[in-house]
Amino acid sequence: MIPLRDTIPSKHTPIMTWTIIIINAIVFLYQSSLPDRQALAIVYQYAFIPARLAESLNNPAAYIPLFTSMFMHGNWMHIISNMWSLWLFGDNVEDKMGAMRFLIFYILCGLIAGLAHFLSGPNSTVPTLGASGAIAGVMGAYFVLFPHSRIITLIPFIIPFFIYVPSAVFFGTTNIGHGNFIFQKEV
């Protein structure tokens, strides 16, 4: 199932949703433009590595990658699926919350997801990155705020067709690639 749009029109321009998408795109394009060694150095500096935090729990700087990793992505499919989901569902959630509350909510969801990842594997030395935790929070908020909306969905089959899927069914049966991207690249 490929979600195309929802049936709830926005009342206001989703400035914060667009801003988050633009920032993610700029960071991704910058990452992609670097030679492999530099790109890998950026990943190891700004992606979240649980073991690094475990070694420096008392150092406030050790928590920065929990934030910066939310704006990094591992490949084109990763950023496209995350930003598409944010585009589809973020506008309505931002509409209900207001721009600043939406931004705070988005960042808190991303931080909580990073901390949950840390708690599940504090000794992991593998960098993780992506906005998936924050976007999962936005999708959860959409489901709670708009439980009766419908998602216009493409079902790619031999002959593609479109159906209206109730949000309860869509969010209950679909996971559009969300989960932090584990960055593993040899240089």
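The structure presented is a predicted model; accordingly, all values stated were derived computationally and were not measured.

What counts and how
Residues numbered from 1 in each chain as written. Predicted model: local features only at pLDDT ≥ 70, side-chain atom pairs only at ≥ 80, totals over all residues. Heavy atoms only, no water. Axes fitted to C-alpha atoms, helices over the stretch in contact; angles between N-to-C directions. Helix = DSSP H or I, 4+ residues; strand = E, 2+ residues; numbered from the N terminus. Parallel < 35°, antiparallel > 145°, perpendicular 65-115°, else oblique. Left-handed = near helix turned anticlockwise from the far one by under 90°. Contact = heavy atoms within 4.5 Å. Nonpolar A, V, L, I, M, F, W, Y, C, P; charged D, E, K, R; others polar. Phe/Tyr/Trp six-rings, centres within 6.5 Å; stacked < 30°, edge-to-face > 60°. Buried < 20%, exposed > 50% of the residue type's maximum accessible area, 1.4 Å probe, protein only. Patch = residues over 30% accessible without salt bridge, like charges linked within 9 Å, V, L, I, M, F, W, Y side chains within 5 Å. Areas by Shrake-Rupley, 256 points an atom, 1.4 Å probe, with all protein chains shown as cover. Salt bridge = Lys/Arg side-chain N within 4 Å of Asp/Glu carboxyl O. Pairing = 2+ DSSP bridges.

**Overview of the packing of helix α6 (residues 99-120) against helix α7 (residues 132-145)**
Phase 1 of the analysis: Running from N to C, α6 and α7 cross one another at 125°; their axes reach a closest spacing of 7 Å. The pairing of α6 with α7 is recorded here as oblique in orientation. The two elements α6 and α7 cross, and the hand of that crossing is right-handed. Here Phe102, Phe105, Tyr106, Cys109, Gly110 and Ala113 of α6 lie close against α7, whose contacting residues are Gly133, Ala134, Ile135, Gly137, Val138 and Ala141.
Phase 2 of the analysis: Considering only residue class, the contact of α6 with α7 consists of nine nonpolar, three polar and no charged.

**Observations regarding the packing of aromatic side chains**
Phase 1 of the analysis: Here the structure, examined in full by the defined rule, presents six aromatic pairs.
Phase 2 of the analysis: Ring geometry for Tyr142 and Phe146: centres 5.1 Å apart, planes at 40°, overall tilted. As far as the burial class goes, Tyr142 and Phe146 line up, both buried.
Phase 3 of the analysis: Members of the aromatic cluster, connected to one another through ring pairs, are Phe89, Tyr142 and Phe146.

**Quick notes on a nonpolar patch on the surface**
Phase 1 of the analysis: A cluster of nonpolar side chains, contributed by Ile15, Trp18, Ile22, Ile26, Trp84 and Trp87, occupies part of the molecular surface with about 620 Å² of accessible area.
Phase 2 of the analysis: Where the nonpolar patch is concerned, the elements lending two or more residues are α1 (15-33) and α5 (76-97).
Phase 3 of the analysis: With four residues, α1 is the single largest residue contributor to the nonpolar patch.
Phase 4 of the analysis: Looking at the element boundaries, Trp84 is found in helix α5.

**Re the pairing of strand β3 (residues 150-155)**
Phase 1 of the analysis: Burial runs high along β3: five of the six residues are buried.
Phase 2 of the analysis: Across four bridges, the pairing between strand β1 (residues 2-6) and β3 is antiparallel. Residue pairing across strands places Pro3 opposite Thr153, the latter belonging to β3.
Phase 3 of the analysis: Across six bridges, β3 lies against strand β4 (residues 161-166) in antiparallel orientation. Across the sheet, Thr153 pairs through a bridge with Ile163, a residue of β4.
Phase 4 of the analysis: Hairpin connection, β3 to β4: the antiparallel pair is bridged by five residues.

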